[in-house]
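Breakdown of the fold
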Amino acid sequence: MLQKWVFRLGSDPKLSLKRFLRGLALFVLAVIFIAIGYYGPALFQLIGLVILAVALFFAGWGYLGIFANRFAQVLERSSPKNHDPDLWK
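Residues numbered from 1 in each chain as written. Predicted model: local features only at pLDDT ≥ 70, side-chain atom pairs only at ≥ 80, totals over all residues. Heavy atoms only, no water.

Some remarks on the overall build of the chain
When its secondary structure is counted, the chain shows three helices and zero strands. Expressed as a percentage of its 89 residues, the buried residues of the chain come to 21%. Across the chain, the fraction of contacts at a sequence separation of at least 24, relative to all contacts at a separation of at least 6, is 67%. Of the accessible surface of the chain, which amounts to about 7000 Å², a share of 72% is contributed by carbon and sulfur atoms. (Helix = DSSP H or I, 4+ residues; strand = E, 2+ residues; numbered from the N terminus. Buried < 20%, exposed > 50% of the residue type's maximum accessible area, 1.4 Å probe, protein only. Contact = heavy atoms within 4.5 Å. Areas by Shrake-Rupley, 256 points an atom, 1.4 Å probe, with all protein chains shown as cover.)

So, in structure tokens, the structure goes:
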């Protein structure tokens, strides 16, 4: 069950990278809003915190997909069906 989930989550690494980079861009935007709110109206800090929550969600989802892709490659290489029985003789 876990293996199916890992393969499904890591099936599209380009999409995972896009999600991660979008989350990273939103994180930078959130930091800018929080910094503006530090010197200006506090409403900007609240907007920055909301954007930060969304940014962390997308970056985490993307990073999890990237990690799942790499882990799926490890699982494929270590599965017994890929090993040559004559290799160990």
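Comments concerning the packing of aromatic side chains
Applying the stated criterion across every chain, the model contains seven aromatic pairs. Pairing Phe20 with Tyr63 gives two aromatic rings, centres 6.3 Å apart and planes at 50 degrees, and the pair type is tilted. Of this pair, Phe20 sits in helix 2 (residues 13–39) while Tyr63 sits in helix 3 (residues 43–78), and the two are 43 residues apart along the sequence. The class of Tyr63 is exposed, set by a relative accessible area of 51%. Centroid distance Phe57 to Trp61: 5.6 Å. Interplanar angle 45 degrees. Geometry classified as tilted. Remark: Trp61 and Phe57 occur in helix 3; sequence separation between them is four residues, near one turn of the helix. Assessed through its relative accessible area of 33%, Trp61 is described here as partly exposed. (Phe/Tyr/Trp six-rings, centres within 6.5 Å; stacked < 30°, edge-to-face > 60°.)

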